[in-house]
Amino acid sequence: MIQQTNTIIELEVQNHAGVMSHITGLFSRRGFNLEGILCGQIGDGSASRMYLLVNEDKFLEQIVRQLEKLYDVRSVTIRPDYDHTLFDKLHDLIKIGKPA
Amino acid sequence: MPQMNGSEIIIRLLEKQGIEIVAGIPGGANLPLYHALSGSKIRHILARHEQGAGFIAHGMARSTGKAAVCFGTSGPGATNLLTAIADAKLDSVPIVAITGQVPSSMIGTDAFQEVDTYGMTLPITKHNFLVRSAEELLCVIPEAFRIAESGRPGPVVVDVPKDVQKESIHVDTLSEMDSPVHPKYELDLDDISLFNEMLQKSEKPVLLIGGGVIMSDAIEQVSAFARKNNIPVATTLMGLGCFPPDDLLYIGMVGMHGARYANMIMDETDLVIALGMRFDDRATGKVDAFCPNASIIHVDVDRSEIDKIKTSSLSIIADLSTALDQLLPTVEENMRSDWIEHVKSLKKNNALQPPKISDPYHPIHLLKTINQLADPDAIYTTDVGQHQMWAAQWIPITYPRQFLTSGGLGTMGFGMPAAIGAALANPEKQVICISGDGSILMNIQELATIRDHDLNVKILIFNNGNLGLVRQQQEYFYEKVYSGTQFESLPDFAVIASGFGIRSQKLGNEPDPSNALKEALDMKGPVLLDIPIHVAENVTPMVPPGSANSVMIGE
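Residues numbered from 1 in each chain as written. Chains lettered and ligands numbered in written order. Predicted model: local features only at pLDDT ≥ 70, side-chain atom pairs only at ≥ 80, totals over all residues. Heavy atoms only, no water.

**Some words on the environment of Asp280(B)**
Item 1. Examined against the element boundaries, Asp280(B) turns out to sit in the loop between strand E12 (271-275) and helix H12 (281-284).
Item 2. With 43 residues separating them along the chain, Asp280(B) and Leu237(B) place their C-alpha atoms 9.9 Å apart. (Helix = DSSP H or I, 4+ residues; strand = E, 2+ residues; numbered from the N terminus.)

See the structure below:
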């Protein structure tokens, strides 16, 4: 399960095919850990909201700054107030999906 | 203009953008684009390899500061462009690369010459677009230029499927290009007073300036600032040309191949004012030991550079010239006699050492001779290796955009195509490409492009038959095991050049190469000289990779 101290980054992004690549590509290229992603359309579908589960470590500030530079990212907010155990439910899903 | 297809829209928008030259190579997936180009006043430079086209764009962009354009087709055309795009990312060069892509309906089918250009260029661009319709081009193309040139410049890729290039749409008017909107960057009054407080408290401040000074056009402000408060000025490789090299305050390039005194001064300073630089590891050496006694003030337009490598006590996120305009009137005059005297004596006692031998073929003597014979405003490009570092050390670079070099990516093969781009964008200037026998072979095909346009490019190959800078590291750090660094066959570059129709000469028979160099530099048009240098000559001082800058090998 999730051992480290995690936090959630909330993003509002322009909704088109390449956005997810830009976000996940940034994490792999810069060597940041990304523990989980939740994503969904908002409003008229021109934007999406994403929740990134990340380690709360010395890289966090740098991650936020790099995310802010991405062209398709409209806003970046660190949400320590959010309940990141929400992501644990995904782990339940993964368990359900496993063959018995 | 009622009906236009995607290609015509691209070309018309490039014209409106003021683009006069495009470098590229046509292929199956960008045929419509080339068809539209044929009807335009834009001059096409046919490179012989897409990487050449990419670096020709570098030469134009780096020598002018304006975004430059290159074209490539899908698949190998795009993959060949990647190195030049990555190079532009690391050195913050505004390049717009427009690539053809297979038709939308065939994307994802492993079609002929299909690669995922969007996916591959994602980590090496400032931003990239895969265009879905001709309509989108109307905003994507101007936006690509805005992104490439605004803030911290960088490369933008626009991947255009063939059907989008052919799609015809009704266009009422092409939107006028907005001149880029520069944010105001009002400095915080508290920051200004903290800045001055730190500066007043400092007894040994240093300005450390990088390529951002050139991009922001802040040369005069930096100079005024340094002089007003008598602050010594150190530069990174990318910052060469921002401060007069013969100035008392100038301490030159820091880092792996910086002068001994430059690294010593950085070791002593108690305040580093870092302007438009990003603490690259080649400049800092071991980061923890870089400027160990100093507080840091970091001014940069890119917020993500702040505290990325080195934590600063004060950071100002702003365009440099705007920031300095606001800081300058608040800064007090200061003689700093003790510090300046000390810097002077460090400079005197730890200067770069000219060769002990008088051999005119010694690379340092060669560079001095070349510099004496060259036009004072000649543009130098380099490849990557020993010749590059000798050039950075020994050619006094007097103007911004006079020294074009691949700093961050360190791409061998950069020099000649970059020289082509510089010559195209500055037809009145002499362009000198300092290269090595390793680097020149990496884009030698562009000799044909030079011949096509009879460009005033002088290619000077410092030939030691080895990958010299790698060999040097093997000598110092790998027990003199010269694995893979010595060339077994030595091509005759003079014969190769004459095969391309370019005047050339192999030097070495005459005891003094000065006359041949003079003749080559005085002549209009392209020349290639193959100049033998001794393989045992190393670039010093050298900080071993991973060591503190205080550890320097050689003089």
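**Description of helix H16 (residues 386-394) of chain B**
Item 1. Of all 9 residues making up H16(B), 9 are buried, and the element is well covered by its neighbours.
Item 2. Regarding H16(B), the residues found buried are Gln386(B), His387(B), Gln388(B), Met389(B), Trp390(B), Ala391(B), Ala392(B), Gln393(B) and Trp394(B). (Buried < 20%, exposed > 50% of the residue type's maximum accessible area, 1.4 Å probe, protein only.)

**A word on the sheet that holds strand E18 (residues 457-463) of chain B**
All names here are of chain B.
Item 1. Taken together, the 6 strands give an open sheet; going across it, the order is E16-E15-E17-E18-E20-E19, and neighbouring strands pair in parallel fashion. In this open sheet, the two edge strands, each paired with only one partner strand, are strand E16 (403-404) and strand E19 (503-506).
Item 2. As defined by bridge partners, E18 adjoins strand E20 (residues 527-532) across 6 bridges and the pair is classed as parallel. What sits directly across from Asn 463, in E20, is Pro 532.
Item 3. Sitting on the sheet, helix H17 (residues 415-425) is in contact with strand E15 (379-382), E16, strand E17 (431-436) and E18, with an inclination near 175° to E17. (Pairing = 2+ DSSP bridges. Contact = heavy atoms within 4.5 Å. Axes fitted to C-alpha atoms, helices over the stretch in contact; angles between N-to-C directions.)

**What to know about the confidence of the model for chain B**
Item 1. Of the residues in chain B, 99% reach a pLDDT of 70 or more, and the chain-wide mean stands at 96.
Item 2. Two summary scores accompany this predicted model of the complex, namely pTM at 0.95 and ipTM at 0.85. (pLDDT = per-residue confidence, 0-100.)

**Things to note about the side chain of Asp300(B)**
Residues and elements named next belong to chain B.
Item 1. Structurally, Asp 300 can be placed in strand E13 (residues 295-300).
Item 2. There is no salt bridge for the buried Asp 300, and the closest opposite charge comes from Arg 152, which lies 5.5 Å off by N-O distance.
Item 3. For Asp 300, the side chain forms a polar contact with the main-chain nitrogen of Asp 302, separated by 2.8 Å. (Lys, Arg positive; Asp, Glu negative; His and termini not counted. Salt bridge = Lys/Arg side-chain N within 4 Å of Asp/Glu carboxyl O. Polar contact = N/O pair within 3.5 Å; in protein donor to acceptor, adjacent residues only side chain to side chain.)

**Looking at the interface of chain B and chain A**
How large an interface is tends to be reported as the accessible area lost when its parts come together.
Item 1. Taken together, the contacts link 18 residues of chain B with 16 residues of chain A.
Item 2. Both sides of the chain B and chain A interface together cover about 1,300 Å² of buried area, and 48% of this is carbon and sulfur.
Item 3. Among the residues of chain B in contact with chain A, Leu122(B), Arg303(B) and Ser304(B) are the three that bury the most area, contributing 37% of the side total.
Item 4. At the boundary of chain B and chain A, one finds 3 salt bridges.
Item 5. Linking chain B with chain A are 10 residue pairs in polar contact (both at pLDDT 80 or more). (Buried area = accessible area lost by both parts, 1.4 Å probe.)

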